[in-house]
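Architecture at a glance
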Amino acid sequence: MTLRGRLFRLSPQVFGKELSLNDFLDNYLAPKKMVILGEYHGAAPIVQLQTMIQEQMAKCLEQTYPLDQSVLSASDSYKERMYDRREQQQQQQLQPKVRVILEHFSMDMQGILNQYHSGIIDTNGLLKAYREIGTEGHNLIPYIPALESALHNHHIRLYGGFIPRTYARMLMKEGLEKTIQEASTSGFISKEEALNGTNEHYNYFESLLTGRNMHLDPLGTNATDRFREKMFPAQIIKDASMAWCVKNLDDILNVSGYDRMLLVCGVGHMLYSHGVPERILQHAKKNEMGIVKAKEDILRIACFPVTEGTLMNGDDDKNMTLEEITAILKDAYGGAEYDAADVCFLYEEDSLEEDDDDEQIRNETQTAYDKVGHTAHLLEAGNLNKAHVIMRSLHYTQEEIDHVGLDAVNYQGVGCPHRHVNIQEGDSVLDLGSGLGVDSLIATKAVGPTGRVVGIDISGECVHHANRRARERGVDGFLQFFQSPIERIHVNDEKIVDGTFDVIISNGAFCLLPNKMSGFEECLRLLKRDGKIALCTTVIKDRLEDGVEWPLCMRTFAKMNEILPMLEKAGFVDIEIDLSDSLMEVYEEEDETTDLDYADVKTSNTDEIIDTEDSPHYRSKESLGDENQSRFKVHNEEGQKQFQHLENFDMNQLCARIVIKARKP
């Protein structure tokens, strides 16, 4: 796998010298029992690096202390996982682990992480439980590859590493003494912890808040003291809690003495060995640590972003020289004499600029389609005739409709991408916004078992359903679904890298994509040379009238005249915007009993249980009650009432269904 960034040494004599990935893994990482990764939250290249690190640490552990194969994996059957769990847990306690301690989870969230490792909840269940608890507030979706890497490797375990955020707020409002007492009583920090910090640490902390260049003022002469009384201890209590968590894990769980630890925290909690490393080393000096005795036992990795397109775009005229990179590192860290870290991971900033509206759109989309996916396994009580009418009106062939079979009732889309790109046997196809998997199933017919189809969707429930249907239909050997935003795809699959796919299709997902440009750039990144896209979407022809309440989906549509410039900027050629089937209302009634309201059917699901009793989602028909009468739809009656005023608008004048076709040169 290609690393999405570059590694540079920060130690004296070799400051600014580049490290190859193999050199880093074999000579820097392998000998260390503890690694501290200072990150910028949610950056995909850093998550990729984290995943590589934890898997390499697990590999080193396996080589020195092979896993007892009697310990069952989280991917085994439900009955096997439930069999004699107490004995399994006792066996696992004797096995050495890579213990990954995460800032993103508070220590009181350990229960949901344990459920995740035990197979009680899957990745989507973990994300849902995290959101429901709601105290920490990180966006975990970018971290899915690292989470699933830990789930599927029995040498890796995940741990919440920070004190709950409520304690930092308590400190700010109710003072130091009460907070220390309650935090220590609850076991989040040592009873000896006083939350004192050094002047050097405060000098660094203050510079983060004010932007003062501490390398020009190393003694902090010009630093303000206004953060020292409350904000500084609120920072230290987080550092102290992670160090206390590490100490306890080492004391209690490192039975074999072979454990390794990866600590993932914000870079402000570890640079210059302040914060987390400092607190860990205090425990080590008291002979309270077995895994670490001195600073040399810790590998400190600091991440640092640079402007997109300057680090590794393949254009020698635009790439930064080593001299320019060294200058950046000196400006950021002050040079080797400051001992900021051992290694710097330099990566390009994501062009996807998040704002509150973008996050709201993603959250609302994910929540709505999770509800759709949760009931999608009920397959027979819906109107299959209605689904067939819609698919035929969108130009799916009868052969394709027959191939989909009963799954047609879960069709979601605004067009038919298969009519606009020639998928060949053996091709590798990516379906962006794959939903419940209908278009992906159709693609499997074209590629056959020698090809591969991958679906990506933001909804974990939809992904769960689609993977289950692939297994039940016997095509899971060449059809897989993963949960991820499609602007930046983060999946734990080493086969999904730059230049992977012959064809990318999408059916409706770009309608609700907050950052269309990033979606197009991601398509280009993942396509092979001469690879093609066929993206069915809906656009606004001109503009939406001011003063009208428009639904979220319409507010998110791109304008027609924006599409071509974005594709050209992304780097596509042979661009065509197909308007041959652009009307919003095109369906012909084939049966008087068939209601052809497309908005109502777009996410139609039906209601027969097809799960076996071995499935954790199995419910008898008797247990369904009135659920058959109240299936969740994105376009439900409540939404129809809210936007009833839009009946006065001609949607064919406002919007158009288009197919975006282009090729990667």
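Residues numbered from 1 in each chain as written. Predicted model: local features only at pLDDT ≥ 70, side-chain atom pairs only at ≥ 80, totals over all residues. Heavy atoms only, no water.

On the surface, Met172, Leu208, Leu209 and Met231 cluster together into a nonpolar patch covering about 320 Å² of accessible area. Inspection of the secondary structure assignment puts Met231 in helix 11 (residues 231–253). (Patch = residues over 30% accessible without salt bridge, like charges linked within 9 Å, V, L, I, M, F, W, Y side chains within 5 Å. Areas by Shrake-Rupley, 256 points an atom, 1.4 Å probe, with all protein chains shown as cover. Salt bridge = Lys/Arg side-chain N within 4 Å of Asp/Glu carboxyl O. Helix = DSSP H or I, 4+ residues; strand = E, 2+ residues; numbered from the N terminus.)

Further remarks concern the packing of helix 11 against helix 12 (residues 276–285). Remark: helix 11 packs on helix 12, axes separated minimally by 8 Å, with the N-to-C direction vectors making an angle of 45°. Relative to helix 12, helix 11 is oriented oblique. Judged by the twist between their axes, the crossing of helix 11 over helix 12 is right-handed. Of helix 12, the residues touching helix 11 (which contributes Ile236, Asp239, Ala240, Met242, Ala243, Trp244, Val246 and Lys247) are Val276, Arg279, Ile280 and His283. Split by residue class, the contact of helix 11 with helix 12 holds 8 nonpolar, 1 polar and 3 charged. (Axes fitted to C-alpha atoms, helices over the stretch in contact; angles between N-to-C directions. Parallel < 35°, antiparallel > 145°, perpendicular 65-115°, else oblique. Left-handed = near helix turned anticlockwise from the far one by under 90°. Contact = heavy atoms within 4.5 Å. Nonpolar A, V, L, I, M, F, W, Y, C, P; charged D, E, K, R; others polar.)

A word on the sheet that holds strand 2 (residues 18–19). Sheet strands line up and pair through hydrogen bonds in the backbone, either parallel or antiparallel. Strands sit in the order 2-1-8-7-3-6-4-5 across an open sheet of 8 strands; the sheet is mixed. Of all the strands in the sheet, the pair left with one neighbour each is strand 2 and strand 5 (156–162). Strand direction decides the pairing type here: strand 1 (residues 6–9) and strand 2, joined by 2 bridges, are antiparallel. Paired with Leu7 across the two strands is Leu19, which belongs to strand 2. On the sheet, helix 12 packs against strand 3 (34–39), strand 6 (260–266) and strand 7 (298–306) and is oriented at approximately 160° with respect to strand 3. (Pairing = 2+ DSSP bridges.)

So, about the environment of Gly519. Here Gly519 is to be found in helix 19 (residues 516–526). Gly519 gets classed as buried once you look at its relative accessible area, which sits at 0%. The spacing of Gly519 and Ala570 is 51 residues in sequence and 9.6 Å in space, taken between C-alpha atoms. Sequence-distant contacts of Gly519, defined by excluding residues within four places in its chain, comprise Ile486, Glu487, Phe510 and Leu513. (Buried < 20%, exposed > 50% of the residue type's maximum accessible area, 1.4 Å probe, protein only.)

Right, let's talk about the side chain of Asn515 for a bit. Topologically, Asn515 is positioned in the loop between strand 12 (501–507) and helix 19. With a relative accessible area of 15%, Asn515 lands in the buried category. A polar atom in the side chain of Asn515 sits 2.9 Å from the backbone nitrogen of Ser518. (Polar contact = N/O pair within 3.5 Å; in protein donor to acceptor, adjacent residues only side chain to side chain.)

Looking now at the nonpolar core. Residues Met34, Leu263 and Ile280 are the most contacted members of the largest nonpolar core, which totals 59 residues. Among the elements that make up this core, the one with the highest residue count is helix 11 (9 residues). Grouped together as the second largest cluster of nonpolar side chains are 49 residues, Leu102, Met109, Tyr130 and Val264 included. (Core = buried A, V, L, I, M, F, W, Y, C linked by side-chain atoms within 4.5 Å.)

Every regular strand shows the same layout, with side chains that alternate between the two sheet faces. Among the 6 residues in strand 3, 6 count as buried, and that is most of the element. Side-chain alternation along strand 3 places Met34, Ile36 and Gly38 on one buried face and Val35, Leu37 and Glu39 on a second face that is also buried. As defined by bridge partners, strand 3 adjoins strand 6 across 6 bridges and the pair is classed as parallel. The partner of Glu39 across the bridge, within strand 6, is Gly266.

This paragraph deals with the environment of Ser106. Here Ser106 is to be found in strand 4 (residues 98–106). For Ser106, a relative accessible area of 0% puts it in the buried group. In this structure Ser106 touches Thr135, Glu136, Gly160, Phe162, Ile163 and Pro164, once residues within four positions along its chain are discounted. A distance of 2.4 Å separates polar atoms of two side chains, one belonging to Ser106 and the other to Asp108.

Taking 1.5 Å of rise per residue, the 12 residues of helix 13 (residues 322–333) would be expected to cover 16 Å, and the 16 Å separating its terminal C-alpha atoms lies within 8% of that figure. Residues of helix 13 that are buried include every one of Ile325, Thr326, Leu329 and Tyr333, and no others. Buried residues along helix 13 cover an arc of 100° about the axis, so they all sit on one side. Exposed side chains of helix 13 directed beyond 90 degrees from the buried face belong to Glu323 and Asp331. In this fold, the buried residues of helix 13 make contact with strand 1, strand 7 and strand 8 (343–348). (Expected span 1.5 Å × (residues − 1). Arc of directions from axis to C-beta.)

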